[in-house]
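What follows is each chain in one-letter form.
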Amino acid sequence: MMNKFNDFSALKALKKEMVENDSSGKNVAPQPQKRSRTVVHKPKELLEGERMSKERGLCPGCTVTLMDSNDRGILRHVHKDCVEIEIDGLLFKSGFGEFVVNNTEEDARLLRGVGGSHKRKEQECDRTKAIPNEISIDLHIEKIPSGYDAPKGFELPYQLEYFKSILHKYMKHKGMKISFIHGVGDGILRDAIRKEIDEVYALSCFWTPGPAGITIVTIR
């Protein structure tokens, strides 16, 4: 009986100790912490860009046309003093006065008529481009394409071949004048091209002396 009483006393004492601990707050269960809300502050430049967009009525994603080149692109970003426009996958910076926002209704009409415009473009490409009535061709070896590749001592044949290629290119354009610049020098190139015209191309063109170092060839 004494052992049971001692055990009961021990349990009673343990319970009393636990109550005292609870009241003193030593073993109080931790309260769950409240999560703090994270406030994301936008960069000043972004806020300024949004303000400029509202003031000017610009909407990123709209199509625009550059005034100096008529290139069409998409407005991507608006900054305080400029915008970024995407053209063919590349971003270009532009001032606010260098582009215009496209009219969506006009774009839709252009898309509907794309078939007709495509045919017109093909017809325009088929037309012969306007050729100027007078041109100048420099026959100095350093001015001829690939002229520096000419072996030393063979510059004259290179110059004559280039001269003949120009004649063949414009032979169909009657009345056209070609000023061949051969320079003064010793007159070898001058005499060679004039002889070539007199002996080979006399029926197609004729030459007249121009200012010093120049022979003017007129297509018949």
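Residues numbered from 1 in each chain as written. Predicted model: local features only at pLDDT ≥ 70, side-chain atom pairs only at ≥ 80, totals over all residues. Heavy atoms only, no water.

Q: Sorry, what's going on with the overall build of the protein here?
A: The number of helices and strands found in the protein is 6 helices and 9 strands. Taking all 220 residues of the protein together, the buried fraction comes to 26%. Nonlocal contacts in the protein, meaning residues at least 24 apart in sequence, comprise 50% of its contacts between residues at least 6 apart. Counting only carbon and sulfur atoms, one obtains 55% of the accessible surface of the protein, whose full area is about 17,200 Å². (Helix = DSSP H or I, 4+ residues; strand = E, 2+ residues; numbered from the N terminus. Buried < 20%, exposed > 50% of the residue type's maximum accessible area, 1.4 Å probe, protein only. Contact = heavy atoms within 4.5 Å. Areas by Shrake-Rupley, 256 points an atom, 1.4 Å probe, with all protein chains shown as cover.)

Q: Would you mind showing me how to read the side chain of Arg-194 here?
A: As for its position among the elements, Arg-194 is in helix 6 (residues 188–199). At 5.4 Å, Asp-191 is the nearest oppositely charged side chain to Arg-194, a buried residue that forms no salt bridge. Those residues in contact with Arg-194 that lie beyond four places of it in its chain are His-182, Trp-207, Pro-209, Ile-214 and Thr-215. (Lys, Arg positive; Asp, Glu negative; His and termini not counted. Salt bridge = Lys/Arg side-chain N within 4 Å of Asp/Glu carboxyl O.)

Q: Can you help me understand the pairing of strand 8 (residues 205–209) in this one?
A: Consecutive side chains along a regular strand alternate between the two faces of the sheet. Both strand 8 and strand 9 (residues 214–219) contribute to a ladder of 5 bridges, which runs antiparallel. Considered in strand 9, the bridge of Cys-205 is made with Ile-219. Turn length for the strand 8-strand 9 hairpin, with the two strands adjacent in sequence and antiparallel, is 4 residues, and the turn residue Gly-213 shows positive phi of about 85°. (Pairing = 2+ DSSP bridges.)

Q: I'm lost on the packing of aromatic side chains in this one. Help?
A: Working definition: an aromatic ring pair is given by the centre-to-centre distance plus the angle between the planes. In the structure shown here, the tally under the stated rule is 1 aromatic pair. Between Phe-163 and Phe-180, the ring centres sit 4.7 Å apart and the planes meet at 65°, which makes this aromatic pair edge-to-face. Taken together, the residues Phe-163 in helix 5 (residues 155–170) and Phe-180 in strand 7 (residues 177–181) connect sequence positions 17 residues apart. (Phe/Tyr/Trp six-rings, centres within 6.5 Å; stacked < 30°, edge-to-face > 60°.)

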